[in-house]
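So the chains spell out like this:
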Amino acid sequence: MTSIKWQLQWHPRQIVLVGAVLFIVSVTHHHDVSCFNISSNQIHTLNLDHHKLKLTWMMDWYKKEVLFHVQNTFLHGRYKFFAIGFSPRGELKRTDLCIFSSAGGGAFKQVFDTYTSRDFNRIYVDSEQNCDVMRIDDNSVAFRRKFDSCDPQDVSIHGGTMYVVWLRGKKELDFGKNWTVMPVIGKADRGVLSVQILRADSITIPEKKSTVRKVEIALDKAEIPTAETTYWCKVQRLGDWLTGKKHHIVQFEPIITNENVVHHMEVFQCVTDSSVDIPLYEGSCSDMPAEAKICNKVMALWAMGAGPFTYPHETGLPIGGKDFNPYIRLEVHFNNPELKKSIVDSSGMRINVVSKLRKYDAAIMELGLEYTDKMAIPPGQVAFPLTGYCIAECTKVALPSGGITIFGSQLHTHLRGVRVLTRHFRKGVELKEVNRDDFYSHHYQEIRQLRYRPKVLPGDALMTTCYYDTRGYETATLGGFSISDEMCVNYIHYYPATQLELCKSAISEKSLYNYFKYMAEVEKQSPVIPGGGRSDNYHSVHWTKTRADQLFEYYLEEPLSMQCNRSDGFRFEGFDWEGAPITEFTPPRSTLRGNCQIPPELHWFKPLEVGHCDAFGECIYEDEKIKE
């Protein structure tokens, strides 16, 4: 294997960031110059550290490549090398790195396409070099990468969660043998960050700033109990300026005071007559007044890792007006596994609204699984899949004839989720997926603008599948509200608004009764009791690989208990939702390396992304348990 490197005496291409416009200047030997003005909405940034190390990037969707620019890399000669790349799941082992060297001074620079060893002790030079350098100077680098180089020694760039790894050092790296020992690097000179690289263009608020008003709902120095899981609620009345006229929410953003314990937050509308008074309240959600339980229609939501969410220009979420009950409820989920004491929190949401209404009213719908212990994940599983259905019979009675357009999506699980996807079917034919994150992390649950906006028509079906890693656990994990339970949800943002708020499922009660009867009478699992407590029954099963496989297959075959629910919590009429049919499907299609032919000389190399396989045969999971 020969060492391949670029030795640049001059810079064939330059990236210059000027204000909000990115100019890409291409210079050839014939001195032809082409300039392209790029909208600032196409440019994305990520601060790599707490100082001035900043990553900027944009996509060339036609060429299927990403252009990267990193500022303040070498700090004008203080550092001899800078490396940036991607890890499949945030681990430093088997990380794909582009390493830029400032050694030699002047215009003589180098770049190496490399990957790290399984023990993170060595850095190897790739057989193929795919870090296409555009510029290196004494304080920045610019390069581009194909979405997928079809090189197993590279990590492909995809639309799900990616993990950016960066590091830099003050000593030169010697790749004379096509590898080098990993240098000792302090915490201040390295980092791993979650980010979505292939993302939709950012959205701005087109209305004048003077016309955008703010609504804030936040806890008032709440003293949080010493418990692993706490749901804290606040009921607040809207200002008089909102009660007289309907407005549109155009953006919402989090207010976080304790980022280490705030897991997720939701703001709910109180769905009742506008004249009904709801008691003001702040405290544990379990002690909330009964009158406030009607405050359950989602208006805004946030989960750890997310930032602000901005609505497309043609739509906004309704708030206020004479027919709108003037009370809203904030719910904050605190996750405090270390049982820290004396936590005082004032987290909440800031909602930006406009009085001039946009074309469409938007809404939020929940897809996936019920929050119920009817569903379970056996222990010791690499990636056990559970699927929640929004069946054709529900969309047929609940959606308007013109259908709905989905423009945003937030995938959500608790600690064990490692992959989530929502699929779209029409008359038995699978269409393009709504959203997919093959390398999902519960630490990074942003609401994502969808570049492709699916149109869902009456009679279409949606399936949300979550995969869970339960290696290291000794008992089954059940569905539920606690952080130690599991969820499988896709909160979709769409327009025009409908009354369909929940389109979720679980296994039917009859099917679950029959399952526990089989476990008790055939498998002789004691003290499993048909018709007994679901949690107790699942925990009483002695789980083996065979029994885990049986449960997986059972969930795929048995009828559903379908929650086809309006905003008031009642199900739509027109179908018997208990015992509803499952949507037929084939195993999910792989999106990684789908069109690649690996060069014969690299067939020996196990691709960086490949690990253990799930029940459907997708091999994108860590060989070892992901550290929490």
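Residue numbers restart at each chain and count upward from 1, following the sequence in its written direction. Residues qualify for local features only when their pLDDT is at least 70, as the model is predicted, and side-chain atom pairs are given and counted only at 80 or more; totals for whole chains, interfaces and linings, by contrast, use all residues. Hydrogens and waters are ignored; side-chain quantities use all the structure's heavy atoms.

Asker: Quick question: what am I supposed to make of the overall build of the chain here?
Answerer: We count a stretch as a helix when DSSP gives it H or I for four or more residues in a row; a strand needs E for two or more, and each element gets its number in order from the N terminus. Looking only at helices and strands, one finds five helices and 43 strands in the chain. For the radius of gyration, the atom set is restricted to C-alpha positions; the globular benchmark scales as 2.2 Å times the number of residues to the power 0.38. Relative to a compact globule of 628 residues, whose C-alpha radius of gyration would be 25 Å, the chain shows 26 Å and is just as compact. With respect to the three principal axes, the spread of C-alpha positions in the chain is 75 × 65 × 55 Å. Partly exposed residues are those whose accessible area sits between 20% and 50% of the maximum for their type, while under 20% is buried and over 50% is exposed, using a 1.4 Å probe and protein chains only. Across the 628 residues in the chain, those meeting the buried criterion constitute 56%. Contacts spanning at least 24 positions in sequence make up 76% of the contacts within the chain whose residues lie at least 6 apart. Taken as a whole, the chain presents about 27200 Å² of accessible surface, with 51% of it coming from carbon and sulfur. When checking whether two residues touch, look at their non-hydrogen atoms; a contact exists if any pair is within 4.5 Å. With residues, only the protein chains shown are counted as cover, and all accessible areas are computed by Shrake-Rupley using a 1.4 Å probe.

Asker: Is there a simple way to think about empty space enclosed by the protein in this case?
Answerer: The method is simple in principle: a probe with the dimensions of a water molecule rolls over the atoms, and the space it marks as empty is what remains. Here a cavity denotes a set of grid points, spaced 1 Å apart and computed over the protein atoms alone, in which a 1.4 Å probe fits but from which it cannot get out, and a pocket denotes an open set meeting protein on both sides within 12 Å along at least five of seven lines; residues with an atom within 4 Å of a point are reported as lining. Grid points are joined across faces, edges and corners, and a volume is the space filled by probe spheres set on the points. Under the defined criterion, the tally for this structure stands at five cavities of 30 Å³ or more. In this structure, the largest cavity encloses a volume near 110 Å³. For the largest cavity, the lining is made up of 16 residues, of which M375, T387, Y389, Y555 and L556 are closest to its centre. Where the lining of the largest cavity is concerned, the elements lending two or more residues are β31 (384-390), β41 (500-507) and α5 (545-557). Here the element with the most residues in the lining of the largest cavity is β31; it accounts for four residues. Three classes are used: nonpolar for Ala, Val, Leu, Ile, Met, Phe, Trp, Tyr, Cys and Pro, charged for Asp, Glu, Lys and Arg, and polar for all others, with Gly counted as polar. The residue makeup of the lining of the largest cavity, split by class, is 13 nonpolar, two polar and one charged. If you add up the space inside the second largest cavity, you get close to 60 Å³.

Asker: Looking at this structure, how should I read the environment of V332?
Answerer: Tracing the backbone shows V332 in strand β25 (residues 327-335). Distance in space between the C-alpha atoms of V332 and A580 is 33 Å, their sequence separation being 248 residues. Excluding its chain neighbours within four sequence positions, the residues that come into contact with V332 are L219, T230, Y231, W232, V262, H264 and M265.

Asker: Looking at this structure, how should I read the packing of helix α3 (residues 509-521) against α5?
Answerer: Two quantities define a packed helix pair, namely the angle between the helix axes and the distance between the axes. Helix axes use the C-alpha atoms of the stretch in contact, all axes being lines fitted to C-alpha atoms, and the angles between their N-to-C directions lie in the range 0 to 180 degrees. For the pair α3 and α5, the least separation of the axes is 12 Å and the interaxial angle reads 160 degrees. Classified by the angle their axes make, α3 and α5 are roughly antiparallel. In terms of crossing hand, the pair formed by α3 and α5 is right-handed. Each of S511, N514, Y515, Y518 and M519 in α3 lies in contact with α5, whose residues at this interface are R547, Q550, L551 and Y554. For the contact of α3 with α5, a count of residues per class yields five nonpolar, three polar and one charged. If an angle is under 35 degrees, it is roughly parallel; if it is over 145, roughly antiparallel; if it lies from 65 to 115, roughly perpendicular; otherwise it is oblique. In this scheme the crossing of two helices becomes right-handed for a clockwise turn of the near helix relative to the far one and left-handed for an anticlockwise turn of less than a right angle.

Asker: What am I meant to see in the sheet that holds strand β6 (residues 65-71) here?
Answerer: Two strands in a sheet stick together by hydrogen bonds in their backbones, pointing the same way (parallel) or opposite ways (antiparallel). Strands are labelled as partners when DSSP assigns at least two bridges between them. Within the open sheet, the five strands sit side by side as β4-β5-β6-β12-β11. Their pairing is antiparallel. Where the open sheet ends on each side, the last strands, each with one partner, are β4 (44-47) and β11 (132-136). In this sheet, neighbouring strand axes are inclined to one another by 20 degrees on average, regardless of whether the strands run parallel or antiparallel. When β11 meets strand β12 (residues 140-146), the two strands line up antiparallel, connected through four bridges. Residue R135 lies in a different strand from β12, and its bridge partner there is A142.

Asker: When you look at α3 in this model, what are you seeing that I'm missing?
Answerer: The α-helix advances 3.6 residues per turn, and as a result positions three or four apart in sequence lie on the same side. One fewer than the residue count of a helix, multiplied by 1.5 Å, yields its expected span. With 13 residues, α3 ought to run about 18 Å at 1.5 Å a step, and its terminal C-alpha atoms sit 18 Å apart, in line with that. Along α3, the residues classified as buried are S511, L512, Y515, F516 and M519. Taken around the axis of α3, the buried residues stretch over an arc of 135 degrees, which confines them to a single face. Lining the buried residues of α3 we find β41, α4 (534-540) and α5. This arc is taken over the directions from the axis of the helix to the C-beta atoms.

Asker: I keep staring at the state of the cysteines and nothing clicks. Help me out?
Answerer: Note on terminology: disulfide describes a covalent bond linking the sulfur atoms of two cysteines. By definition, disulfides here are pairs of cysteine sulfur atoms that lie within 2.5 Å. This structure, assessed with the given rule, holds eight disulfides. The partner cysteine of C233 in its disulfide is C285, sulfur to sulfur 2.0 Å. Of note, the bridge from C233 to C285 carries an S-S torsion of about 100 degrees and is right-handed in sense. Placement of C233 in strand β18 (residues 229-237) and of C285 in the loop between β21 (281-284) and β22 (295-303) is noted, with a sequence separation of 52 residues between them. Across the pair, C285 and C233 agree in class, each one buried. At a sulfur-sulfur separation of 2.0 Å, the disulfide partner of C466 is C488. Between C466 and C488, the S-S torsion sits near 85 degrees, and that sign places the bridge as right-handed. Taken together, the residues span a long stretch of sequence, with C466 in strand β38 (residues 461-468) and C488 in the loop between β39 (477-478) and β40 (489-495) at a distance of 22 residues. When sorted by exposure, C466 lands in the same class as C488, which is buried.

Any link to function would need more than the numbers given here.
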